[in-house]
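# Structure assessment
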Amino acid sequence: MRTSLKPRRWLSCLAITLVVLAAGCGQTPAPAATDARWAVLGGRLFADTRLGADGRTGCVSCHRPEHAFSDGRPLSLGVYGQTGTRNAPTLLDVGELPHLFWDGRETRLEQVVLQPLTNPVEMGLGSIDDLLQRLRADPKYTAAFADLGGASAEAVAAALAAHLRTLRSGDSAYDRYRSGNRNALGPDEQAGLALFTGKAACSECHVMQKPRPRFTDDHFHHLGINDNAIAGKVAALIPRLDGKCNLGHLVLTEVDIAGLGHFVASRKPADLAAFRTPSLRNVALTAPYMHDGSVATLEEAVDQEVYYRGINKGRPLSMTVEERRQLLAFLRALSAAQ
């Protein structure tokens, strides 16, 4: 597909893109990878709800520790109670992901972490300069940033990204079982593991990598979720994507654009309405499910997955009531104690 960007607009977008890439590749303060002060400062920024335009909304508003850093809502609520188009995904292990956001439109945390701050339905600031003014007006932030070279967009991005890389999922009952404790999983959970890797074929997409399974193939798949949001609309939607420097604003404010899935990044027809395979770690803590939060319970999510797994295989994948119960028992064993 060919785009219809006009030269000046194309150059403007390119310039902004190069600035963002520079912030993530080379200009981010080098000590962020090894100096623990960056992660500590990032944790303060992450938890500070004063940084939202309404003075009550922060990163933690949509990524709550008690929900494995999701928020328990179908769609997240942002500044002034506005509703977006996305279910907040867990941030645990986010530093290991090759693709970020449900549609995979970004690949580096340093490129991602500033975007919610200026998104009109997330934290709603007018610009990153607005954020920097707030930080520089706070003596505690001024002192913390001074020790690390001063407050700047690059420094904020480095600090937030350093904090997010510390958010790791803990060991679950399954991890203890895999490490040799054969009593860590009960009979139903062990039977569910056999179904997960066998008849139910869950592990084909929720891959159990070694040495520590992440339960995702890092690819994009269709599950028939909310396909009607884009049915018959794709041709009309493409011009609205062309020339847009900030896809995040479109994705979180327009349901039909949000429904395009990975297509917004790849522009490949095969990626229409395809979304990133989420990890199943802590899956029992992150309801509701899917990119739009339209599946309320883990039981419903299993039914949805089994149904479309059968379609993809070209034959029905039927499970007995007992097998479904055992599979659910195993999935619940993937959550670490809170």
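Look up: the structure comes first, before these words.
Residues numbered from 1 in each chain as written. Predicted model: local features only at pLDDT ≥ 70, side-chain atom pairs only at ≥ 80, totals over all residues. Heavy atoms only, no water.

## Examining helix H15 (residues 298-313)
The test is simple: Under the scheme used here, helices are H or I runs from DSSP no shorter than 4 residues and strands are E runs no shorter than 2 residues, and both carry numbers assigned from the N terminus. By this rule the span expected of a helix is its residue count minus one, scaled by 1.5 Å. Three labels apply to residues, based on accessible area from a 1.4 Å probe with only protein chains included: buried if under 20% of the type maximum, exposed if over 50%, partly exposed otherwise in between. Arc definition: directions from the helix axis to the C-beta atoms. In this analysis, two residues are considered to be in contact whenever any of their non-hydrogen atoms come within 4.5 Å of each other.
For H15, built from 16 residues, the straight-helix expectation of 22 Å at 1.5 Å per residue is met to within 8% by its first-to-last C-alpha distance of 22 Å. All of the buried residues in H15 are Leu298, Ala301, Val302, Val306, Arg309 and Gly310. Angular distribution of buried residues about the axis of H15 spans 165°; they occupy a single face of the element. As for H15, its buried residues are in contact with helix H16 (321-332). Phi turns positive, to about 80°, at Gly314, one or two residues after H15.

## A closer look at empty space enclosed by the protein
So the rule is basically this: Note on definitions: the grid is 1 Å and covers protein atoms alone; a cavity is a set of points where a 1.4 Å probe fits but cannot get out; a pocket is an open set with protein on both sides within 12 Å along at least five of seven lines; lining residues have an atom within 4 Å of a point. Grid points are joined across faces, edges and corners, and a volume is the space filled by probe spheres set on the points. Each residue is assigned to one of three groups, with Ala, Val, Leu, Ile, Met, Phe, Trp, Tyr, Cys and Pro labelled nonpolar, Asp, Glu, Lys and Arg labelled charged, and all others, Gly among them, labelled polar.
Counted under the stated rule, the structure contains three cavities of 30 Å³ or more. The space that makes up the largest cavity amounts to roughly 640 Å³. Together, 36 residues line the largest cavity, and His63, Pro89, Phe101, Pro116 and Glu122 are the ones closest to its centre. Split into classes, the residues belonging to the lining of the largest cavity amount to 22 nonpolar, 10 polar and four charged. Estimated volume of the second largest cavity: approximately 550 Å³. If you go around the second largest cavity, you meet 36 residues; those closest to its centre are His206, Pro278, Ser279, Leu280 and Val283. Secondary structure elements with two or more residues in the lining of the second largest cavity: H15 and H16. Among the elements that line the lining of the second largest cavity, the one with the most residues is H15, at six residues.

## Here we look at the pattern of salt bridges
Opposite charge on two side chains lets them pair, provided their charged atoms get close. Inclusion rule: The rule for a salt bridge is simple: a side-chain nitrogen of Lys or Arg has to be within 4 Å of a carboxyl oxygen of Asp or Glu.
The full count for this structure, using the stated rule, is 22 salt bridges. Here Arg325 and Asp188 are joined by a salt bridge, their closest N and O atoms 2.5 Å apart. Here Arg325, found in helix H16, pairs with Asp188, found in helix H10 (residues 187-197); they are 137 residues apart in sequence, far enough to count as distant. The salt bridge involving Glu299 is made with Arg332; its shortest N-O contact spans 2.6 Å.

## Considering unusual backbone geometry
Residue Pro211 is bonded to the preceding Lys210 through a cis peptide linkage, with omega at 5°. Position of Pro211 among the secondary structure elements: in the loop between H10 and strand E1 (220-221). Here the amide bond leading from Ala287 into Pro288 is cis, since omega sits at -5°, within 30 degrees of zero. Counting through the fold element by element, Pro288 comes out in the loop between strand E2 (275-276) and H15. Of note in this structure, Ala68 is not a glycine but carries a positive phi near 55°. Turning to its location among the elements, Ala68 is positioned in the loop between helix H3 (59-62) and helix H4 (109-112). Its identity as a non-glycine residue notwithstanding, Tyr80 has a phi of 55°, on the positive side. Examined against the element boundaries, Tyr80 turns out to sit in the loop between H3 and H4. On the accessibility criterion, Tyr80 (56% relative accessible area) is exposed.

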